[in-house]
Amino acid sequence: MIINYSLRIDFVRAKSTKVGFANFPLSCRQNVTSAWSKFLSAKWKEASLKTSTEINSNEGSVCNKSMNIVWHKCSVEKIDRQELLQQRGCVIWITGLSGSGKSTLACALTRALHSRGKLTYVLDGDNIRHGLNSDLTFKPQDRAENIRRIGEVAKVFSDAGVICIASVISPYRKDRDACRSILPDGDFIEVFMDMPLHVCEARDPKGLYKLARAGKIEGFTGVDDPYEAPLNSEIVIQMEGEVCSSPEVMAEKVVCYLDAKGYLQA
Ligand SMILES: Nc1ncnc2c1ncn2[C@@H]1O[C@H](COP(=O)(O)OS(=O)(=O)O)[C@@H](OP(=O)(O)O)[C@H]1O
Ligand SMILES: Nc1ncnc2c1ncn2[C@@H]1O[C@H](COP(=O)(O)OP(=O)(O)O)[C@@H](O)[C@H]1O
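All values derive from a computational prediction rather than experimental measurement. (Residues numbered from 1 in each chain as written. Chains lettered and ligands numbered in written order. Predicted model: local features only at pLDDT ≥ 70, side-chain atom pairs only at ≥ 80, totals over all residues. Heavy atoms only, no water.)

**Q** Hey, could you run me through the site of ligand 1 in this one?
**A** As a matter of local geometry, ligand 1 sits amid 20 residues, with Ser 98, Arg 129, Arg 143, Asn 146 and Ser 170 nearest to it. Between ligand 1 and Lys 102, the relevant distance is 2.8 Å, taken from an oxygen atom to a side-chain nitrogen or oxygen of the residue. Note that an oxygen atom of ligand 1 is positioned 2.7 Å from one of the side-chain N or O atoms of Arg 143. When ligand 1 is considered free in solution it has 630 Å² of accessible area, and contact with the protein chains removes 92% of it. The cavity that encloses ligand 1 is the largest pocket. Among the elements of the structure, α5 (125-128) and α6 (140-159) are those that each provide at least two residues to the shell around ligand 1. A total of three residues in the shell around ligand 1 trace back to one element, the largest contributor, which is α6. (Near = heavy atom within 4 Å. Polar contact = N/O pair within 3.5 Å; in protein donor to acceptor, adjacent residues only side chain to side chain. Areas by Shrake-Rupley, 256 points an atom, 1.4 Å probe, with all protein chains shown as cover. 1 Å grid on protein atoms, 1.4 Å probe; cavity = no way out; pocket = protein on both sides within 12 Å on 5 of 7 lines; lining within 4 Å. Sits in = over half its atoms within 2 Å of the grid points. Helix = DSSP H or I, 4+ residues; strand = E, 2+ residues; numbered from the N terminus.)

Now the structure itself:
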């Protein structure tokens, strides 16, 4: 993006330098400007290639390919919507292994908040992959893009004043941190489902661990694909010895956090 932009400036400068060539013979001027154009167009191509490589890498999408865009502000803003809803928009980001209980917690939490009159919306990895993200695989760069898109959608919901609950494996720390970085301070609340792999594998409600162990699914998180545990989550859900709290008790822990931080009022 920066490279593209500076090239655009160079291009404008190059065009204006043509005026300075006015005293040279026409053929000489044409040669210089055409060499300049070739040089710039080669550089432009190089920059574009670099940009798409960056987007397709595991870095996540750090560049914006859209140029000449200006943010349009409206007179009704987040603060007005929050006032209407009597709550503060935020993102509850539930991360953990498959089978760790992310969807179960997301459902219990949306139910608990709904019954307190709070507007929520759940973005579940499995569900989003049925539509918006149906073009993505489980390769690292596609997981990164999956998380980037869900992070952006969650940001829109929180800007709408909604308490958005994202339940996604999101195995890479960098991708989760990127989602945190696009939200106002405090509005990204990470919940780590810190369940041991053997517990998740014993649950295996969809039979996916079994398939992964049999080599029928490649790159399954926790089996032959990494999961980078969060280092500083706002909330950690763990077992107490061999016992797992009920989904309602887990949800209550998150509700208490939201209440204490003032998200349940405008
Ligand atoms: N290879 C591989 N690894 C992990 N999970 C897999 C895989 N293939 C399919 N599934 C199913 O996809 C669900 C995870 O989707 P996510 O979008 O949350 O994954 S990710 O955040 O992009 O890693 C996940 O759902 P949950 O079990 O609810 O986590 C699985 O059912
Ligand atoms: N707190 C819990 N106690 C006992 N079983 C649970 C709990 N949370 C989830 N489960 C069970 O574990 C399995 C996986 O839960 P799920 O929410 O689908 O996990 P994930 O979304 O992380 O894959 C399901 O069969 C679910 O009923």
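**Q** Explain the environment of Gly 219 here, please?
**A** Note on placement: Gly 219 falls in the loop between α9 (208-213) and β5 (235-237). Separated by 79 residues in sequence, Gly 219 and Pro 140 place their C-alpha atoms 9.3 Å apart.

**Q** I tried to follow the environment of Ile 235 on my own but got confused; where do I start?
**A** Considering the arrangement of structural elements, one finds Ile 235 in strand β5. Each C-alpha atom, one on Ile 235 and one on Val 191, is 4.7 Å from the other, the two residues being 44 residues apart in sequence. With near-sequence residues (within four places) excluded, Ile 235 lies in contact with Ile 189, Glu 190, Val 191, Phe 192, Lys 253, Val 254 and Tyr 257. (Contact = heavy atoms within 4.5 Å.)

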